[in-house]
Amino acid sequence: SAPVPEPEATIAAPTAEPSGADADANEKNRLEWFNYSIATKDVKMAKELFVSAEEQAMVEQLEADMNGTDACEAPTVPAVPATEKEMEEARGSWLKFHIAAGDYEKAMEMAVTADDYAAISDAEELKRKAWLDWAMSNENPTEAYNFAVTDDEYAAISALESKLKSAPAGSGEVDDDEKQEKARLAWMDYHVSVNEFKQAAKYAVTAAEEETIEKASNLYQEKSRQAWMQHYMEKGEYELAKNLCVTDAELEQLATLQEEGRKEWVAYSTAVGDTSAARDFAVSEEEEAAIDVKEAEMAAEAKKTGFEAALSSSDFAKATTLAAGDEAMLTAIEEKQDEDRKTWMTYYIDVGKFKDAHKLSVTEEEETFIKEAEKSAPEQARKDWLKYYIDTGDFKKAASLAVTDEEVQAVADAAAATKKAKIEELKAKGDYKGAKKIADEVEKEGIQLAEEMAMEKKRKEWMSYYTSIADYPNAIKMAVTPAEVAEVDAAFETKRSEHMKSLLAKQDYAAAKKFATTPEEIFMCDEYEEGDQELARKEWQRFYIEEGNFKEAFALCVDDSEELMVESAKTAFYSKCREEWLKHYTLKGDYNKALELVVSLEEQTALEAAMEKRRVEHFEYYLKKGNKKEAKKLAVTDAEVAKCA
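Keep in mind it's a predicted model, so treat the numbers as computed, not measured. Every chain is numbered on its own, with residues counted from 1 as its sequence reads. Per-residue local features of the predicted model are confined to residues with pLDDT of at least 70, and side-chain atom pairs are confined, for both listing and counting, to 80 or more; whole-chain, interface and lining totals are unaffected and use all residues. In computing side-chain properties, one takes all heavy atoms of the structure into account and sets aside hydrogens as well as water.

Points about the overall build of the protein chain
Okay, so step 1: Under the DSSP-based scheme used, a helix requires at least four consecutive residues in state H or I and a strand at least two consecutive residues in state E, with every element numbered from the N terminus. Secondary structure summary: the protein chain contains 33 helices and 0 strands in total.
Okay, so step 2: Counting only C-alpha atoms and orienting by the principal axes, one finds that the protein chain spans roughly 145 × 120 × 30 Å.
Okay, so step 3: For the protein chain, the proportion of its 645 residues judged to be buried stands at 26%.
Okay, so step 4: Contacts in the protein chain between residues at least 24 apart in sequence constitute 30% of all its contacts with a sequence separation of at least 6.
Okay, so step 5: His residues and chain termini do not enter the charge count, which takes Lys and Arg as positive and Asp and Glu as negative. Every charge is mapped to an atom, namely NZ of Lys, CZ of Arg, CG of Asp or CD of Glu. Between the mean site of the 84 positive side-chain charges and the mean site of the 140 negative ones, the protein chain shows a separation of 7 Å. The buried label goes to any residue with under 20% of its type's maximum accessible area, the exposed label to any with over 50%, and the partly exposed label to all in between, with areas taken from a 1.4 Å probe on protein chains only. Here, two residues are considered to be in contact whenever any of their heavy atoms come within 4.5 Å of each other.

Observations regarding the packing of helix α23 (residues 441–468) against helix α25 (residues 482–505)
Okay, so step 1: α25 packs onto α23 with a crossing angle of 20° between their chain directions and a minimal axis gap of 10 Å. In terms of orientation, α23 and α25 fall into the roughly parallel class. Crossing of α23 against α25: the hand is right-handed. Packed against α23, whose contacting residues are Arg459, Lys460, Met463, Tyr466, Thr467 and Ser468, the element α25 presents Glu484, Glu487, Val488, Ala491, Phe492 and Lys495 at the interface.
Okay, so step 2: Among the residues forming the contact of α23 with α25, the class breakdown is 5 nonpolar, 2 polar and 5 charged. Helix axes are fitted to C-alpha atoms over the stretch in contact, other axes to C-alpha atoms as well, and angles between N-to-C directions run from 0 to 180 degrees. Any angle from 65 to 115 degrees is called roughly perpendicular, while one under 35 is roughly parallel, one over 145 is roughly antiparallel, and all others are oblique. Here a crossing is called left-handed whenever its near helix is offset anticlockwise from the far helix by less than a right angle, and right-handed whenever the offset is clockwise. Under this grouping Gly is polar, as are all residues other than the nonpolar Ala, Val, Leu, Ile, Met, Phe, Trp, Tyr, Cys and Pro and the charged Asp, Glu, Lys and Arg.

Structural notes on helix α13 (residues 248–271)
Okay, so step 1: Given the number of residues in a helix, its expected span is that number minus one, multiplied by 1.5 Å. An ideal rise of 1.5 Å per residue puts 34 Å on 24 residues; α13 measures up with 34 Å between its terminal C-alpha atoms.
Okay, so step 2: Among all positions of α13, only Glu250, Leu254, Gly261, Arg262, Val266, Ser269 and Thr270 are buried.

Describing the nonpolar core
Okay, so step 1: For our purposes a nonpolar core is just a set of buried Ala, Val, Leu, Ile, Met, Phe, Trp, Tyr and Cys residues, chained together by side-chain atoms within 4.5 Å. Among the nonpolar cores identified, the biggest contains 17 residues, and Phe34, Ile38, Tyr232, Met233 and Leu254 are the most heavily contacted of them.
Okay, so step 2: Elements represented by at least two residues in this core include exactly α1 (21–39), α2 (43–49), α3 (53–67), α11 (207–235) and α12 (238–244).
Okay, so step 3: Top element by residues in this core is α12. It accounts for 4 residues.
Okay, so step 4: Setting aside chain neighbours within four positions, we find Leu254 in contact with Met233, Tyr238, Ala241, Lys242 and Cys245.
Okay, so step 5: If you look at the next biggest cluster of nonpolar residues, it comprises 9 residues, including Trp131, Tyr145, Phe147 and Ile157.

Digging into the packing of aromatic side chains
Okay, so step 1: Paired rings are identified among Phe, Tyr and Trp, the last through its six-membered ring, by centres lying within 6.5 Å, and are further divided according to the angle between planes into stacked (under 30 degrees), edge-to-face (over 60) and tilted (the rest). Across all of its chains, the model carries 28 aromatic pairs by this definition.
Okay, so step 2: Here the aromatic cluster, defined as three or more aromatic residues joined through ring pairs, consists of Trp33, Trp94 and Phe97.

A closer look at α23
Because each turn of an α-helix spans 3.6 residues, side chains separated by three or four positions in sequence point in the same direction.
Okay, so step 1: With 28 residues, α23 extends 41 Å from end C-alpha to end C-alpha; this agrees with the ideal 40 Å at 1.5 Å per step.
Okay, so step 2: Two to three positions downstream of the cap, the backbone nitrogen of Val442 sits 3.3 Å from a side-chain oxygen, assigning the N-cap of α23 to Asp440.
Okay, so step 3: Residue Ala470 follows α23 closely and has a positive phi angle near 65°. In the analysis that follows, any N or O atom pair within 3.5 Å is treated as a polar contact, provided that within protein one partner can donate a hydrogen and the other can accept it, and provided that, for residues neighboring in sequence, both atoms belong to side chains.

Observations concerning the environment of Leu160
Okay, so step 1: Tracing the backbone through its elements, the reader meets Leu160 in helix α8 (residues 151–166).
Okay, so step 2: Taking relative accessible area as the criterion, Leu160 reaches 9% and is therefore assigned buried.
Okay, so step 3: Along the sequence, Leu160 and Ile120 sit 40 residues apart, while their C-alpha atoms lie 30 Å from each other.
Okay, so step 4: Excluding residues within four positions of it along the chain, Leu160 makes contact with Met136, Glu139, Asn140 and Pro141.

Some remarks on the state of the cysteines
Okay, so step 1: In what follows, a disulfide is any cysteine sulfur pair within 2.5 Å. Overall, the coordinates contain 0 disulfides when judged by the stated rule.
Okay, so step 2: Cys557 takes part in no disulfide bond, and the closest cysteine sulfur to it belongs to Cys577, at a distance of 20 Å.

Structural notes on the pattern of salt bridges
Okay, so step 1: By definition here, a salt bridge exists when the distance from a side-chain nitrogen of Lys or Arg to a carboxyl oxygen of Asp or Glu is within 4 Å. Applying the stated criterion to the full structure yields 43 salt bridges.
Okay, so step 2: Arg184 is the salt-bridge partner of Glu209, the closest N and O atoms lying 3.1 Å from each other. With Glu209 in helix α11 and Arg184 in helix α9 (residues 173–193), the pair connects residues that are 25 residues apart, well separated along the chain. Side by side, Glu209 and Arg184 carry an identical accessibility label, which is buried.
Okay, so step 3: Glu640 is paired through a salt bridge with Arg615; the nearest N and O atoms lie 3.0 Å apart. One end of the pair, Glu640, is in helix α33 (residues 638–643); the other, Arg615, is in helix α31 (residues 601–624), with 25 residues separating them in the sequence.
Okay, so step 4: Note on Glu640: relative accessible area 11%, which makes it buried.

Quick notes on the packing of helix α6 (residues 114–137) against α8
Okay, so step 1: As a packed pair, α6 and α8 sit with axes 11 Å apart at the nearest point and diverge in direction by 15°. What the angle tells us is that α6 and α8 run roughly parallel. Between α6 and α8 the crossing geometry is left-handed. Along the contact surface, α6 presents Arg128, Leu132 and Met136, while α8 presents Glu153, Ala156, Ile157 and Leu160.

Remarks on the side chain of Arg225
Okay, so step 1: Its place among the elements puts Arg225 in helix α11.
Okay, so step 2: Here Arg225 falls in the buried class, since its relative accessible area comes to 12%.
Okay, so step 3: A polar atom in the side chain of Arg225 sits 2.5 Å from the backbone oxygen of Leu244.
Okay, so step 4: Those residues in contact with Arg225 that lie beyond four places of it in its chain are Leu244, Cys245, Val246 and Glu250.

Describing the confidence of the model for the protein chain
Okay, so step 1: What pLDDT conveys is the predictor's confidence in a given residue, as a value from 0 to 100. On average, residues of the protein chain score 84 in pLDDT, and 92% of them reach the 70 mark or higher.
Okay, so step 2: Note that pLDDT drops below 50 for residues 1–21; the model gives that stretch 50 contacts with residues more than four away or on any other chain.
Okay, so step 3: Confidence over residues 69–82 falls short of pLDDT 50; this stretch has 16 contacts with residues more than four positions distant or in other chains.

Looking at unusual backbone geometry
Okay, so step 1: Not every positive phi belongs to a glycine, and Ser314 is a case in point at roughly 60°.
Okay, so step 2: Within the element layout of this structure, Ser314 appears in the loop between α15 (285–312) and α16 (316–322).
Okay, so step 3: A positive phi angle, close to 65°, is found at Gln507, a residue other than glycine.
Okay, so step 4: Along the chain, the position of Gln507 falls in the loop between α25 and α26 (509–514).

Description of the environment of Ala204
Okay, so step 1: Looking at where Ala204 falls in the secondary structure, it is placed in the loop between α10 (197–203) and α11.
Okay, so step 2: Given the relative accessible area of 12%, Ala204 is considered buried.
Okay, so step 3: For Ala204 and Trp187, which are 17 residues apart along the polypeptide, the C-alpha to C-alpha distance reads 9.9 Å.
Okay, so step 4: Excluding its chain neighbours within four sequence positions, the residues that come into contact with Ala204 are Arg184, Met188, Glu209, Glu210 and Ile213.

Considering the environment of Ala267
Okay, so step 1: Structurally, the position occupied by Ala267 is in helix α13.
Okay, so step 2: Residues Ala267 and Met463, 196 residues apart in the sequence, show an inter-C-alpha distance of 88 Å.

Now the structure itself:
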């Protein structure tokens, strides 16, 4: 009987299609890749895929466009390397595409994560189940066996076989005719739904069906043409879009888009100051005039920028050239020149070059100011040097320049403050000898007291240090009072006790006894050692029992109860091993070895039942596969032997 419709959804059509399907699918695939190569401007791929004169023209137009940009089209933007994100998105898209197409080998090449592999596995399982359902619906148990994997599925196929065998001869002829007609219509509708119109036509038997398929084909071709035309229009590929236009309205739409694109490029190029590119796109006097205005604005801005730069750097020759005919700019130059003159005049006054300052003065007020500054210059210089020598600590030179009581006192105060600061600095460094050299008698007493206090502080710090590192001889040398001696002794006693306990914790009993000083501590060391040995004995005994080394476990027993415990563990261990090997040989089907391990009637009965079940399963399996020779080896009843005939 004819098959029912093949599985749909995302599952690819079965490989066993009617004759000619492969060619139709290949042509569809070629056309899709050809359109893709045109859209992505892959000239090399397009040349390999074109077959018709129309497609060849499209390739030649693409190649011409790649070699030179049309004046009315937007310039081609150079391609840039794809980012990691774009590469990952592309990988994911191809993965989904291959899964949907049923090409699981290529999908596996795209998979990198556990979710990717799971998606492929789920799709394969969905396809398997769909084909199993398809075979079952066709009442084809032989084909169904190719897709079954579970016990329930094998059981369902066996039930179908029983049903087919029990059906009376001749029954279902009418149902078969109806099923065949239903399948024909389903196949025809399927191929129409996936745009495989040549295949669909093979299933058409009436003029109405052929007309319906032809209309669907024409509608699909028209939708594809319009979709690609719109795609090329949106991408600015106007020549490719023009090749797909068939109506005056479409040509008018294309012309409108081209004109809008040209105007956008004129406006954009003008706005960013690329007037050369703007003139390449301009076609009207208004556009040319707008470009002229933009160029004039750019020239004015460049002139202004250059003038400001020249003026700020006092390049008056260049600034004057740029300011020709511009009163505001010429005035700005004069103001800048006068500002520079005053700046230099002030500088010469500050450094005492009064002759040069006089050369730059232009008013009586400036001349008077320079003369007054010249008169007061010596006195001001004296004050400036006085301040400099005080700041630098040269009080001898500073005293030679002091002329007033206030200045003399200021020098003395500064010298005293500097001396005091220097003494404190030397004390902080521990250079008491150096501090005493510059101190008077009263200051020397304070320095001596500070030195003694520092020495006492260091003594205590060294005592604490030697105590912390357990250096008893040096620590006791640093102790000078009975209280400090007692403190050192107590600290070392604490350290001795703590060290002994740490050695016990490390199980170093011999070393710990060296630090024991009382009978109680020696007894404690012995108890630790004995307790540890007993614990180790029990741990090793438990380890040998777990490993099944009962000889060593018995060697560590110290009383009858432990020997009884080891014997019980040994019995349980070997019993468990026997049961596990019995189970292993039973599952493996090694009846003789399994039988050697049987110790009870119940185990023997269970073994015989398992072996019989295994024989029947293998007998049924070989029959299903048509291997009667192997099945006959397992047959034991007359009925089974008959099945193998």
